[in-house]
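What follows is the residue order along each chain.
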Amino acid sequence: MRIQIPRGTQDILPGEVEKWQYIEQKARDLCKRYGYEEIRTPMFESTELFIRGVGDTTDIVQKEMYTFEDRGERSLTLRPEGTAPTVRAFVEKKLFGNPDQPTKLYYIGPMFRYERPQAGRMRQFYQFGIEALGSNDPSLDAEVIALAMELYRSLGLKKLRLVMNSLGDTESRKKHKEALINHFKPHIHEFCGDCQARLETNPLRILDCKKDRDHELMKTAPAVLDYLNDDSRHYFEQVQSYLRMMGIDFVVDATLVRGLDYYNHTAFEIMSEAEGFGAITTLSGGGRYNGLVQEIGGPETPGIGFALSIERLLLALEAEGITLPIDKHVDCYFVAHGEKAQAEATVLLYKLRQAGFSAEKDYLHKKMKAQFKAADRKHAKFTAILGEDEIEQGKISVKEMETGVQETVPLDEFISYLTKRLS
Ligand code: HAM
């Protein structure tokens, strides 16, 4: 049987991978400007981390984790997200002890969720995410959101919608939870099995149920914003006020609930409003998680972050018809004919690369015409031509592809000549 790629995964081939590199570089540059440093955590972690971190009543933990036992009978899980691992490292490596707080980190890497694959939903997907740990200042919430929006905008996306909500602090959440239980309980038998199971443990998740979305009780469900205490309300107002001052548009949606359990206060998602974007319009999501560090065994430390997947970002770019300005050129392509010319080209190619330029040649002894075509396909700035005449005269012809202007230079001056022309 032919071996095929696992369902919900993809090969990212040359031609496509340049887009990924471009986006990743943009993200890295942005993080540098905003003061976020990279962290790389393992691809798998103790299963316990996600049960405690993400929450055992979430879809991720209940249905979507790639969990396995290793030969030492430890239960391990391929990371479904990057926040819990980052917090685990923050606690384990005592990053809270560093003099500069908050600790601002970012990550780019694959995450794994056993979901039903469709456009924008993969079983292995790449997240870029940031986490800021150690400050409860609303300006940090605004900063995280601003960074997310700036990444999208810097890539040319325009049709975006930033949706915000506040889940409030523990006290507010508790009151809201009680209200939700009272609201749904008398009619819970009309809801799906998942919702029934969630009633007592995590009623907030009922609001996010796809199956029961049109049930009458969904529309009249108590809104979390009505249960915020004064501190929580004030905090949320401050975040909004910073965003307004920064000129970042948003809408408040009291029905926004996130799929992970660790959130409190600020929660947000960024959606694509581009026509033709698939069924899943959420490009990224994040929020504040003030209890997570403690949950994972660290000192009481507030946190906030967000993550996006590069897969969905690429879909959004496509939907808005944006082509990334990817530079595919090669500085010089050698067109050589005959054994001596091939040998000369091999050495000059090496020297040119050593001098810091990108250069390529033919390895299949193709006819010169075919080599010129290859130079075009490689978007060569210059072609260096070594035919029999050139070899006889100890010279090389250099053609600037854009203008078609050709010059002949002595072989031993070629590198310095091209260095001057290319710089
Ligand atoms: P999340 O909402 O589960 O949050 O995922 C964040 C983003 O990852 C989504 O908005 C989407 O772009 C992408 N994503 C999720 N699942 C898939 C999938 N199966 N295929 C493609 N893309 C996907 C988190 O993961 C939180 N850790 C975010 C966060 C960071 N909150 C605070 N800090």
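Thresholds, definitions, all that
Residues numbered from 1 in each chain as written. Predicted model: local features only at pLDDT ≥ 70, side-chain atom pairs only at ≥ 80, totals over all residues. Heavy atoms only, no water. UniProt positions renumbered as here; feature names shortened; annotations may be inferred. Helix = DSSP H or I, 4+ residues; strand = E, 2+ residues; numbered from the N terminus. Buried < 20%, exposed > 50% of the residue type's maximum accessible area, 1.4 Å probe, protein only. Near = heavy atom within 4 Å. Polar contact = N/O pair within 3.5 Å; in protein donor to acceptor, adjacent residues only side chain to side chain. Areas by Shrake-Rupley, 256 points an atom, 1.4 Å probe, with all protein chains shown as cover. Contact = heavy atoms within 4.5 Å. Salt bridge = Lys/Arg side-chain N within 4 Å of Asp/Glu carboxyl O. Core = buried A, V, L, I, M, F, W, Y, C linked by side-chain atoms within 4.5 Å. Pairing = 2+ DSSP bridges. Axes fitted to C-alpha atoms, helices over the stretch in contact; angles between N-to-C directions. Phe/Tyr/Trp six-rings, centres within 6.5 Å; stacked < 30°, edge-to-face > 60°. Lys NZ or Arg CZ within 6 Å of the ring centre and 35° of its normal. Patch = residues over 30% accessible without salt bridge, like charges linked within 9 Å, V, L, I, M, F, W, Y side chains within 5 Å.

- The chain is annotated in an unreviewed UniProt entry as Histidine--tRNA ligase of Pueribacillus theae.
- Quoted straight from UniProt, the Subunit (unreviewed entry) entry for the chain says "Homodimer."
- Of the chain, the UniProt comment under Sequence similarities (unreviewed entry) reads exactly: "Belongs to the class-II aminoacyl-tRNA synthetase family."

### As for the environment of Arg213
Point 1. Its place among the elements puts Arg213 in the loop between α7 (193-201) and α8 (216-219).
Point 2. Judged by its relative accessible area of 55%, Arg213 falls in the exposed class.
Point 3. In sequence terms Arg213 and Ala343 are 130 residues apart; their C-alpha atoms lie 70 Å from each other.

### Here's the deal with the site of the ligand
Point 1. Around the ligand sit 28 residues, and of these Glu81, Thr83, Glu115, Tyr263 and Leu283 come closest.
Point 2. Note that an oxygen atom of the ligand is positioned 2.7 Å from one of the backbone N or O atoms of Leu283.
Point 3. Interatomic distance of 3.4 Å between a backbone N/O atom of Ser284 and an oxygen atom of the ligand.
Point 4. Relative to its free-state accessible area of 660 Å², the ligand is covered by the protein chains to the extent of 96%.
Point 5. At the level of secondary structure, the elements contributing two or more residues to the shell around the ligand comprise β6 (124-133), β10 (282-288) and β11 (303-309).
Point 6. Of the residues forming the shell around the ligand, the biggest block, 6 residues, is contributed by β10.

### Overview of the UniProt feature "binding site: L-histidine" (unreviewed entry) in the chain
Point 1. When the UniProt feature table is mapped onto this chain numbering, "binding site: L-histidine" (unreviewed entry) sits at Glu81, Gly82, Thr83, Arg113, Gln127, Glu131, Arg258, Tyr262 and Tyr263.
Point 2. Within the secondary structure layout, Thr83 lies in helix α4 (residues 83-92).
Point 3. When near neighbours in sequence (up to four residues on either side) are disregarded, Thr83 contacts Tyr107, Glu131, Tyr262, Tyr289 and Leu292.
Point 4. Topologically, Arg258 is positioned in the loop between β8 (251-252) and β9 (264-272).
Point 5. Not counting the four nearest positions on each side in its chain, Arg258 is found in contact with Arg205, Tyr263, Ala267, Phe268, Glu269, Gly285 and Gly286.

### Here's the deal with the side chain of Asn202
Point 1. Tracing the sequence through the fold places Asn202 in the loop between α7 and α8.
Point 2. Not counting the four nearest positions on each side in its chain, Asn202 is found in contact with Thr57 and Asp261.

### Things to note about the side chain of Arg88
Point 1. Within the secondary structure, Arg88 is located in helix α4.
Point 2. Overall, Arg88 belongs to the buried group, its relative accessible area being 17%.

### Re the pattern of salt bridges
Should their charged atoms come close, side chains of opposite charge can pair.
Point 1. Overall, the coordinates contain 22 salt bridges when judged by the stated rule.
Point 2. Among the ionic pairs, Asp59 bridges to Lys63, the shortest N-O distance being 3.7 Å. Residue Asp59 and its partner Lys63 are located together in helix α3 (residues 59-64), separated by 4 residues, close to a single helical turn.
Point 3. With a shortest N-O distance of 3.0 Å, Asp208 and Arg205 are connected by a salt bridge.
Point 4. If you follow the salt bridges from partner to partner, you end up with Asp59, Lys63, Asp194 and Arg198 in one network.

### Quick notes on the nonpolar core
Generally speaking, soluble globular proteins have nonpolar side chains that are buried together.
Point 1. Among the nonpolar cores identified, the biggest contains 48 residues, and Tyr36, Phe128, Ile130, Leu162, Met164 and Phe306 are the most heavily contacted of them.
Point 2. With 10 residues, helix α5 (residues 138-154) is the single largest residue contributor to this core.
Point 3. Residues contacting Leu162, with those up to four places away along its chain left out, are Ile145, Met149, Ile248, Asp249, Phe250, Val251, Phe268, Glu269 and Ile270.
Point 4. The next biggest cluster of nonpolar side chains, apart from the first, holds 47 residues, and it includes Phe50, Leu95, Val257 and Ala267.

### Some points on the sheet that holds strand β16 (residues 406-410)
Point 1. The 5 strands are arranged β13-β12-β14-β15-β16 in an open sheet whose pairing can be described as mixed. Each edge of the sheet is formed by a strand with only one pairing partner; in this case those strands are β13 (359-361) and β16. On average, each strand axis in the sheet is tilted by 25 degrees relative to the strand beside it, whichever way the strands run.
Point 2. Relative to β13, strand β12 (residues 330-336) runs parallel, the two sharing 3 bridges. When the bridges of β13 are listed, Cys332 appears paired with Ala359.

### Side note on the environment of Ala279
Point 1. With respect to the helices and strands, Ala279 occurs in the loop between β9 and β10.
Point 2. For the pair Ala279 and Ala119, spaced 160 residues apart in sequence, the C-alpha to C-alpha distance is 8.1 Å.

### What about the packing of aromatic side chains?
Point 1. In total, this model carries 11 aromatic pairs according to the counting rule given.
Point 2. With a centroid separation of 5.8 Å and 65 degrees between ring planes, the pair formed by Phe90 and Phe96 is classed as edge-to-face.
Point 3. According to the relative accessible area criterion, Phe96 is partly exposed, its value standing at 30%.
Point 4. Each residue in the set Tyr106, Phe128, Phe268 and Phe306 is aromatic and connected to the rest through ring pairs, giving one cluster.
Point 5. The aromatic ring of Tyr114 is capped on one face by Arg123, whose charged end is 3.9 Å from the ring centroid.

### A closer look at a nonpolar patch on the surface
Point 1. A cluster of nonpolar side chains, contributed by Met43, Phe44 and Phe68, occupies part of the molecular surface with about 270 Å² of accessible area.
Point 2. Assignment of secondary structure puts Phe44 in strand β2 (residues 44-46).
Point 3. Accessibility expressed as a relative area gives 42% for Phe44, which makes it partly exposed.

### Comments concerning the sheet that holds β2
Point 1. In spatial order, the strands read β2-β4-β3; together these 3 strands make up an open sheet with antiparallel pairing. One side of each edge strand has no neighbouring strand; the edge strands of this open sheet are β2 and β3 (67-69). Here the strands of the sheet are splayed against their neighbours by 35 degrees on average, with no regard to which way each runs.
Point 2. Strand direction decides the pairing type here: β2 and strand β4 (residues 75-78), joined by 3 bridges, are antiparallel. Paired with Ser46 across the two strands is Leu76, which belongs to β4.

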